[in-house]
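# Understanding the architecture of this molecule
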Amino acid sequence: MLERRFATLDVFTDTPLAGNPLAVVLDAEGLTDAAMQAIAREFNLSETVFVLPPEEPRHRARLRIFTPARELPFAGHPTVGTAVLLALRDRAERRAVGLADAAAFGLEEGIGIVSCVVEAAEDGRSARARFKLPVLPTYLGDARANDALAGALGLKPGDIGFNRHQPSRHGAGPFFTFVPLSSAEGLTRARLDAARFERLFPQAQADALYLYALDPEGLGHRYQARMFAPHLGVAEDPATGSAAAAFAGVLMQFEPLGEGTHDVVIRQGAAMGRPSTIDLQLVIGEGMLRSVEIGGQAVVVSEGVLRVG
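In this report, the structure presented in the accompanying data block is examined. Keep in mind that this is a model prediction, so the values were computed, not measured.

With that settled, consider helix H6 (residues 241-254). Taking 1.5 Å of rise per residue, the 14 residues of H6 would be expected to cover 20 Å, and the 20 Å separating its terminal C-alpha atoms lies within 8% of that figure. Here H6 lies mainly inside the structure; 12 of its 14 residues are buried. The set of residues buried in H6 consists of Gly-241, Ser-242, Ala-243, Ala-244, Ala-245, Ala-246, Phe-247, Ala-248, Gly-249, Val-250, Leu-251 and Phe-254.

Moving on, we get to the side chain of Asp-159. Here Asp-159 lies in the loop between helix H3 (146-152) and strand E10 (168-171). In this structure Asp-159 comes out as buried when scored by relative accessible area, which is 13%. Among the polar contacts made by the side chain of Asp-159, one reaches the side chain of Arg-189 at a distance of 3.2 Å. Excluding residues within four positions of it along the chain, Asp-159 makes contact with Pro-180, Leu-181, Ser-182 and Arg-189.

Next up on the list: the pairing of strand E16 (residues 276-285). Alignment of strand E15 (residues 260-268) against E16, held across 9 bridges, turns out to be antiparallel. Each residue of the ladder has a partner; that of Val-265, found in E16, is Asp-279. One ladder, built from 7 bridges, connects E16 with strand E17 (residues 288-308); its direction is antiparallel. Residue pairing for E17: Leu-280 is matched across the bridge by Ile-294.

This brings us to the nonpolar core. With 69 residues, the main nonpolar core has Phe-105, Tyr-210, Tyr-212, Phe-247, Ile-266 and Leu-280 as its most contacted residues. Ranked by residue count, the leading element in this core is H6, at 9 residues. In contact with Leu-280, other than residues within four places in its own chain, are Ala-244, Phe-247, Ala-248, Leu-251, His-262, Asp-263, Val-264, Ile-266, Val-292, Glu-293 and Ile-294.

All buried positions along helix H1 (residues 33-43) are accounted for by Ala-35, Met-36, Gln-37, Ile-39 and Ala-40. Taken together, the buried residues of H1 touch strand E2 (20-25), strand E3 (48-52), strand E4 (61-66), strand E5 (71-72) and E17.

This part is about unusual backbone geometry. Despite not being glycine, Asn-44 has its phi angle at roughly 60°, a positive value. Mapping Asn-44 onto the fold places it in the loop between H1 and E3. Notably, Glu-286 is not glycine yet its phi reads approximately 55°, a positive angle. With respect to the helices, strands and loops of the structure, Glu-286 is situated in the loop between E16 and E17. For Glu-286, a relative accessible area of 69% puts it in the exposed group.

Reading the values: rules and limits
Residues numbered from 1 in each chain as written. Predicted model: local features only at pLDDT ≥ 70, side-chain atom pairs only at ≥ 80, totals over all residues. Heavy atoms only, no water. Helix = DSSP H or I, 4+ residues; strand = E, 2+ residues; numbered from the N terminus. Expected span 1.5 Å × (residues − 1). Buried < 20%, exposed > 50% of the residue type's maximum accessible area, 1.4 Å probe, protein only. Polar contact = N/O pair within 3.5 Å; in protein donor to acceptor, adjacent residues only side chain to side chain. Contact = heavy atoms within 4.5 Å. Pairing = 2+ DSSP bridges. Core = buried A, V, L, I, M, F, W, Y, C linked by side-chain atoms within 4.5 Å.

Structure follows, in structure tokens:
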């Protein structure tokens with residue numbers, strides 16, 4: 001019988017039972033790929049993280065990230081949640097030698113080294129993390145036609161698009177088809193038709209569908225969003241950091257952003273009763289996207305021991 005410590009966190013929120021739930025399995029050495037996949041199916045969350053010793057000692061850990069269906073090279077809410085958990089576990093050691101509660105370290109993921117900064121709260125159960133993407137978003141070509149996307153989402157073609165925004169495909173690790181909707185009301189109305197989705201995306205590496213609209217309650221660059229990924233075993237995701245990262249490419253394509261730093265707020269998960277807030281920061285220089293950061297809060301909800309075998 002193998003025993004492994006685990007924790008669950010709610011990510012992109014500071015409130016337990018909101019945000020996007022995450023399972024993190026510590027001390028994952030000795031677990032086979034099949035065992036990791038089975039454990040991810042058992043937790044049945046959008047992602048489960050397995051923490052391994054880093055390949056380079058200067059980094060904090062190596063992460064493997066699984067959905068209930070398969071492994072991912074990178075995902076945003078697992079990165080934020082695991083960074084918070086590891087920083088909280090290190091906090092006592094840091095305080096003992098007179099270091100601040102803020103921590104900075106690298107996490108090794110399939111996409112590369114992800115640089116993280118974590119600022120712990122006084123309660124010892126929550127913290128705020130931000131990380132810089134090791135690769136910039138990639139434009140992946142044209143999206144499916146508006147009428148086909150609308151049919152798969154239970155919407156009308158006229159619901160799709162606002163200002164200069166039209167459907168597009170971008171990725172920063174996982175692939176996404178981004179579908180702009182003309183109103184937040186349309187975002188609430190959307191219902192994924194699984195059969196039509198499969199006809200649109202029949203391949204094993206299908207895009208996830210990321211719907212977004214301007215946030216009527218906010219000023220500046222604020223959006224509301226929903227994400228569907230049935231091919232990953234995720235009917236709907238409460239908060240999708242990798243999509244927020246790729247969304248930087250959408251903004252570069254459709255928004256007249258000038259030089260400098262641009263802060264974007266994305267609200268997701270309201271339709272699921274799991275409100276989440278993701279902070280996205282873009283830095284533009286000489287007309288080019290230079291860096292992308294994702295930030296958010298996470299709170300530890302439970303800790304325990306997993307017994308396998």
